Amino acid sequence: MVTVMAATIPAAIYGMYNIGFQALSGASNGGGSFTNDWHFIFINLFCNYNPNSFFDCFWFGACYFLPIYAVTFAVGIGWEMIFAKIRNHEVSEGAFVTTILFALCCPPDVPLWQVAIGISFGIVIGKEIFGGTGKNFLNPALTGRVFLYFAYPTYWSGDSAWTALDGYSSPTILGICLLYTSDAADEEDSVDLGGRRII
């Protein structure tokens, strides 16, 4: 468990920073506008909306991630405690890993009631119904994620999937790069990519 937590905590920290960096960078470039949902009650406490500030980016992302993790943790550990009481055994430390993994695979603007339903389904159906730790063949975090993906597809994929800003989109790195065949191989400022060139 220590190894998994040591791997997921840096991922969570970087994820929180990246959410803020993407949103604040897009806003500073004049693209789109913020949604001004309930997250901004907390974001406005300490954020100066500077994409070059690590703290501003981290705080912006933390205001999205930490509520998801708090709900996941409370509901997930609650289910673990209920089943531990019924079966007269200790709470499995794997529940802590399940909660952080589930929270990390949720989109930042997921409704918190869906987080509660997803982690409940994952732990009860994906783990406890088979007898608990060591007897389940499904990963509870991914079971909950898959359940939400199929139960609420418009929230988890498609056109309404989360973006950092309303009305803002930009091309991917592949959309920015111009790839062409090696017929124009005499360009000096391009890089050979095995029969293709990138400008």
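Residues numbered from 1 in each chain as written. Predicted model: local features only at pLDDT ≥ 70, side-chain atom pairs only at ≥ 80, totals over all residues. Heavy atoms only, no water.

K.L.:
Any chance you could explain the overall build of the chain here in plain terms?
P.N.:
Each helix and strand counted, the chain has eight helices and three strands in total. Helices and strands in the chain line up, N terminus first, as α-α-α-α-α-α-α-α-β-β-β. Sequence separation of 24 or more characterises 62% of the internal contacts of the chain that already satisfy a separation of 6 or more. In the form shown here, the chain has an accessible surface area of approximately 11,500 Å², with 64% of it arising from carbon and sulfur atoms. (Helix = DSSP H or I, 4+ residues; strand = E, 2+ residues; numbered from the N terminus. Contact = heavy atoms within 4.5 Å. Areas by Shrake-Rupley, 256 points an atom, 1.4 Å probe, with all protein chains shown as cover.)

K.L.:
Just checking my understanding: could you explain the nonpolar core for this structure?
P.N.:
As a rule of thumb, nonpolar side chains are buried together in soluble globular proteins. By size, the foremost hydrophobic cluster in this structure holds 19 residues, and its most contacted members are F65, I68, F102, C106 and V110. Of all the secondary-structure elements, those providing two or more residues to this core are α1 (2-28), α3 (54-87), α4 (94-104), α5 (112-126) and α6 (140-151). Non-local contacts of F102, meaning those with residues more than four positions away in its chain, are made with T72, V115, G118, I119, A141, G144, R145 and L148. (Core = buried A, V, L, I, M, F, W, Y, C linked by side-chain atoms within 4.5 Å. Buried < 20%, exposed > 50% of the residue type's maximum accessible area, 1.4 Å probe, protein only.)

K.L.:
Got a minute to help me understand the confidence of the model for the chain in this structure?
P.N.:
Of the residues in the chain, 78% reach a pLDDT of 70 or more, and the chain-wide mean stands at 82. For residues 178-185, every residue scores under 50 in pLDDT, and the model assigns this stretch 17 contacts once sequence neighbours within four places are set aside. (pLDDT = per-residue confidence, 0-100.)

K.L.:
Sorry, what's going on with the pattern of salt bridges here?
P.N.:
Once the charged atoms of two side chains with opposite charge are near each other, the side chains can pair. This model, assessed by the stated rule, comprises two salt bridges. For K127, the salt bridge is made with E80, and the minimal N-O distance between the two is 2.8 Å. In this pair, K127 is assigned in the loop between α5 and α6 and E80 in helix α3, connecting sequence segments 47 residues apart. Judged by relative accessible area, which is 4%, K127 ranks as buried. (Salt bridge = Lys/Arg side-chain N within 4 Å of Asp/Glu carboxyl O.)

K.L.:
Mind showing me how you'd approach the packing of helix α2 (residues 39-46) against α3 here?
P.N.:
Between α2 and α3, the shortest axis-to-axis distance is 9 Å and the interhelical angle comes to 160 degrees. Regarding the angle of α2 to α3, the classification is roughly antiparallel. Relative to α3, α2 is oriented so that their crossing is right-handed. Taking contact as the criterion, the partners of H39, F40, F42, I43 and F46 in α2 are, on α3, F55, D56, W59, F60, C63 and Y64. (Axes fitted to C-alpha atoms, helices over the stretch in contact; angles between N-to-C directions. Parallel < 35°, antiparallel > 145°, perpendicular 65-115°, else oblique. Left-handed = near helix turned anticlockwise from the far one by under 90°.)

K.L.:
Mind showing me how you'd approach the packing of aromatic side chains here?
P.N.:
Geometrically, a pair of aromatic rings is defined through the distance of the ring centres and the angle of the planes. Throughout the structure, instances matching the rule amount to 17 aromatic pairs. An angle of 45 degrees between the planes, with centres 5.9 Å apart, marks the rings of Y69 and F73 as tilted. Of this pair, Y69 and F73 both sit in helix α3, separated by four residues, roughly a single helical turn. Residue classification places F73 among the partly exposed residues on the basis of a relative accessible area of 30%. Relative to F150, the ring of Y149 lies with its centre 5.2 Å away and its plane at 85 degrees, an arrangement referred to as edge-to-face. Judged by relative accessible area, which is 35%, Y149 ranks as partly exposed. An aromatic cluster is present here, built from Y14, Y17, F21, F54 and F58 joined pairwise through their rings. (Phe/Tyr/Trp six-rings, centres within 6.5 Å; stacked < 30°, edge-to-face > 60°.)

K.L.:
Just to check I follow, could you spell out unusual backbone geometry for this structure?
P.N.:
Positioned with a positive phi, Y49 is a non-glycine residue whose angle comes to about 60 degrees. Along the chain, Y49 turns up in the loop between α2 and α3. Of note, the phi angle at N88 is positive, near 55 degrees, even though the residue is not glycine. On the secondary structure map, N88 appears in the loop between α3 and α4.

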